[in-house]
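# Coordinates in review
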Amino acid sequence: MNTSSPSDRDRGAEKLNWVERRREKIRAEIERNRRGEYTVPTWVLAVALVVIVGGWLALIFFGG
């Protein structure tokens, strides 16, 4: 006797579809990176800029 309702089966199919979409996104990203289309995320660039400017300012104020 099957106790799962149709909505349970739909959720299972929806989760499977989500997993497949996620895998496809990952595959596409790996292919882009292999072709040399890799870009650094903006937040990484922002953090690097803050660290560089902060270090430079620290040298000016605390170095002399």
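Because the structure is predicted, anything quoted here is derived from the model rather than measured. (Residues numbered from 1 in each chain as written. Predicted model: local features only at pLDDT ≥ 70, side-chain atom pairs only at ≥ 80, totals over all residues. Heavy atoms only, no water.)

### Details of the overall build of the protein
Put simply, the rule is: Runs of E in the DSSP output that reach at least two residues are strands. Runs of H or I that reach at least four are helices, and both are numbered from the N terminus. Each residue is placed in one exposure class: buried if its accessible area under a 1.4 Å probe, protein chains only, is under 20% of its type's maximum, exposed if it is over 50%, and partly exposed if it falls in between. Note on areas: these come from Shrake-Rupley sampling with a 1.4 Å probe, and a residue is covered only by the protein chains present in the view.
Scanning the protein from N- to C-terminus turns up two helices and zero strands. Across the 64 residues of the protein, 0% fall into the buried class. Accessible surface for the protein amounts to roughly 6,200 Å². Of this, 62% is attributable to carbon and sulfur atoms.

### Considerations on helix H2 (residues 42-63)
Put simply, the rule is: What a helix is expected to span follows from its residue count: subtract one and scale by 1.5 Å.
Taking 1.5 Å as the rise per residue, H2 with 22 residues should run 32 Å; its terminal C-alpha atoms sit 31 Å apart, in good agreement. With zero of 22 residues buried, H2 is to be regarded as a mostly surface element.

### Description of a nonpolar patch on the surface
Rules: Nonpolar side chains (Val, Leu, Ile, Met, Phe, Trp, Tyr) within 5 Å and like charges within 9 Å form the patches, drawn only from residues with over 30% relative accessible area and no salt bridge. Any Lys or Arg side-chain nitrogen located within 4 Å of an Asp or Glu carboxyl oxygen qualifies as a salt bridge.
A cluster of nonpolar side chains, namely Leu49, Ile52, Val53, Trp56, Leu57, Ile60, Phe61 and Phe62, defines an oily patch on the protein surface of about 930 Å² accessible area. Its place among the elements puts Phe61 in helix H2. By relative accessible area, which is 63% here, Phe61 ends up exposed.

### Quick notes on the pattern of salt bridges
Any two side chains of opposite charge can pair, on the condition that their charged atoms come close. Counted by the stated rule, this structure contains three salt bridges. For Arg23, the salt bridge is made with Glu20, and the minimal N-O distance between the two is 3.5 Å. Residue Arg23 and its partner Glu20 are located together in helix H1 (residues 6-34), separated by three residues, close to a single helical turn. On the basis of relative accessible area, Arg23 is assigned to the partly exposed category, the value being 43%. Glu24 is paired through a salt bridge with Arg27; the nearest N and O atoms lie 3.6 Å apart. Of this pair, Glu24 and Arg27 both sit in helix H1, three residues apart, roughly one helical turn. Exposure remark for Glu24: the relative accessible area of 46% places this residue in the partly exposed category. Looking at Arg27, the relative accessible area reads 44%, which means it is partly exposed.

These figures come from the coordinates and say nothing about function on their own.
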